[in-house]
Amino acid sequence: MTRLTFHRPDDWHVHFRDGDPMRAVVPFTARAFGRAIVMPNLTPPVTTTALAAAYRERILAAVPEGVTFTPLMTAYLTDGSDPADIVAGHADGVLTAVKLYPAHATTNSQFGVTSIAAVRPVLAAMEKAGMPLLIHGEVTRAEVDVFDREARFVEEVLLPLLADFPGLKVVLEHVTTAEGVAVVKAHAGRMAGTITPQHLLYDRNALFKGGIRPHLYCLPILKRSTHKLALRAAATAGDGLFFLGTDTAPHLKHTKETACGCAGVFSAPTAIEAYLSVFEEEGALDRFEIFASLAGPAFYGLPVNPERVTWEKRSRPVAEAIEVPGAGEIVPLFGGETVAWSPV
Ligand code: NCD
Ligand code: ZN
């Protein structure tokens, strides 16, 4: 039996939502991960330290009894963000980072940033405070092809931003392209990238395999196979520049299986299983711990989780959906299928 023991991993990019859906999804992340960076794209968004502190309490109340889990909070950057509130929230230990959504890039991003010029004072304050900026890296202009939006963002927005704020720590979230991988590598030391399970497992053909597959639709969208291979190489390189960020993004089944479906893959129940399969296929299980448990804390300046967990090669079926009482179901990654790895 193949077994792997590693420090308890963290998830550096999750969407927990709020209310009943939050209470249904938080246990999956809390059982598998020691900490998670929580995305602030609620309605209304988590834009201030006070809103983040209140959201953190609601999340903690949803953590199952006996489970130790720390949510790390982020503030949603808007053109009107107050630099003093943001850096005070960081100094007080409420805010770990700030999330930049270009306006209209993805789910609940309509209050996002309209131009880097509009948020210069906040970025300058964060640079001074050593507070990381987490970026959804896609341009949003209608004339740019959806498959090109990340590469164009790197050229048009990210490279100028990195040059303007040379001391700002930046995470390119959910990297999906070779161009995204390259920009992280070129700025090693002040930059890192998170990679989702779905972008390591699938290329864009998977969206249309035998018919349209709404549960694999997420943003940034799945790309060509050449990009998937670049992401696999980056995740398994062992250089600590890329780390685990599932981008688990639950949406009720009926809001994905519809004429205009929501973007997001709910991967929390099977994320470690998915990453382990990829690392096994790449012959890189010896580097799994760097990606899942060590590189993230090193970038964020946090201790590694002290506990160790063991996983083994043992297949088990995955439920087709999880229930949100009174609201409906959410379909997880590998829902109704079998996974090859299980926790001991
Ligand atoms: C995320 C969501 O639903 O909140 N969706 C997604 O497809 N990844 C937002 C995001 O991270 O882009
Ligand atoms: Zn996300």
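See the structure above.
Scope of this entry: the structure provided in the associated data block. (Residues numbered from 1 in each chain as written. Chains lettered and ligands numbered in written order. Predicted model: local features only at pLDDT ≥ 70, side-chain atom pairs only at ≥ 80, totals over all residues. Heavy atoms only, no water.)

Attention now moves to the overall build of the chain. Helix and strand content of the chain: 11 helices and 13 strands. Whereas a compact globule of 344 residues would reach a radius of gyration of roughly 20 Å, the chain reaches 19 Å, a difference of no more than 12%. Expressed as lengths along the three principal axes of its C-alpha atoms, the size of the chain is roughly 55 × 45 × 40 Å. In the chain, which comprises 344 residues, the share counted as buried stands at 55%. When contacts within the chain are restricted to residue pairs at least 6 apart in sequence, those whose partners lie at least 24 apart make up 72%. For the chain, the exposed surface amounts to about 13400 Å²; the carbon and sulfur share of it is 54%. Charge centroids of the chain, computed over 31 positive and 37 negative side chains, lie 3 Å from each other. (Helix = DSSP H or I, 4+ residues; strand = E, 2+ residues; numbered from the N terminus. Rg over C-alpha atoms; globule rule 2.2 N^0.38 Å. Buried < 20%, exposed > 50% of the residue type's maximum accessible area, 1.4 Å probe, protein only. Contact = heavy atoms within 4.5 Å. Areas by Shrake-Rupley, 256 points an atom, 1.4 Å probe, with all protein chains shown as cover. Lys, Arg positive; Asp, Glu negative; His and termini not counted. Charge placed at Lys NZ, Arg CZ, Asp CG, Glu CD.)

It is worth spelling out the pairing of strand β2 (residues 11-14) at this point. Successive side chains on a regular strand alternate, one facing one side of the sheet and the next facing the other. In this structure, β2 lies alongside strand β3 (residues 35-38), joined through 2 bridges in parallel fashion. Bridging across to β3, Val 14 finds its partner in Val 38. Between β2 and its parallel partner β3, the chain crosses via helix α1 (residues 19-32), and the hand of that crossover is right-handed. (Pairing = 2+ DSSP bridges. Right-handed = clockwise from strand over helix to strand, strands pointing away.)

Moving on, we come to a negative patch on the surface. On the surface, a cluster of negative charge is made up of Asp 145, Asp 148, Glu 155 and Glu 179. With respect to the element layout, Asp 148 can be found in the loop between β6 (133-135) and α5 (149-164). (Patch = residues over 30% accessible without salt bridge, like charges linked within 9 Å, V, L, I, M, F, W, Y side chains within 5 Å. Salt bridge = Lys/Arg side-chain N within 4 Å of Asp/Glu carboxyl O.)

For the rest of this paragraph, the subject is the packing of helix α6 (residues 178-186) against helix α8 (residues 225-236). α8 packs onto α6 with a crossing angle of 30 degrees between their chain directions and a minimal axis gap of 8 Å. By the angle between their directions, the pair α6 and α8 is classed as roughly parallel. Contact with α6, carried on its side by Ala 178, Glu 179 and Val 181, involves His 227, Ala 230, Leu 231 and Ala 234 of α8 and no other residues of that element. The residue inventory of the contact of α6 with α8, partitioned by class, reads 5 nonpolar, 1 polar and 1 charged. (Axes fitted to C-alpha atoms, helices over the stretch in contact; angles between N-to-C directions. Parallel < 35°, antiparallel > 145°, perpendicular 65-115°, else oblique. Nonpolar A, V, L, I, M, F, W, Y, C, P; charged D, E, K, R; others polar.)

Take the coordination of the zinc ion (ligand 2) next. Note on metal geometry: ideal angles are 109.5 degrees for four donors arranged tetrahedrally and 90 or 180 degrees for six donors arranged octahedrally. For the zinc ion (ligand 2), every protein donor is listed as His 13 (NE2), His 15 (NE2) and Asp 247 (OD), and the spread of their distances is 2.0 Å. Seen from the zinc ion (ligand 2), its 4 donor atoms lie at angles of 91 to 144 degrees, and the figure they make is irregular. Coordination of the zinc ion (ligand 2) draws on donor residues from a single chain, spaced H-x1-H-x231-D in sequence. Overall, the relative accessible area of 7% leaves His 15 in the buried class. (Donors = N, O, S within 2.8 Å, 3.2 Å for Na, K, Ca; no water. Tetrahedral: all angles 85-135°; square planar, octahedral: opposite > 155°, others 65-115°.)

To continue, consider the pattern of salt bridges. Under the criterion given, the structure shown has 16 salt bridges. Here Asp 20 makes a salt bridge to Arg 23, at a shortest N to O gap of 3.0 Å. Of this pair, Asp 20 and Arg 23 both sit in helix α1, 3 residues apart, roughly one helical turn. Given the relative accessible area of 39%, Asp 20 is considered partly exposed. Given the relative accessible area of 48%, Arg 23 is considered partly exposed.

As a matter of local geometry, ligand 1 sits amid 15 residues, with Asn 41, Thr 106, Leu 219, Asp 247 and His 251 nearest to it. The contact in question runs from an oxygen atom of ligand 1 to an N or O atom on the side chain of Asn 41, over 2.8 Å. For ligand 1, an oxygen atom lies 2.7 Å from a polar atom in the side chain of Thr 106. The site holding ligand 1 turns out to be the largest cavity. (Near = heavy atom within 4 Å. Polar contact = N/O pair within 3.5 Å; in protein donor to acceptor, adjacent residues only side chain to side chain. 1 Å grid on protein atoms, 1.4 Å probe; cavity = no way out; pocket = protein on both sides within 12 Å on 5 of 7 lines; lining within 4 Å. Sits in = over half its atoms within 2 Å of the grid points.)

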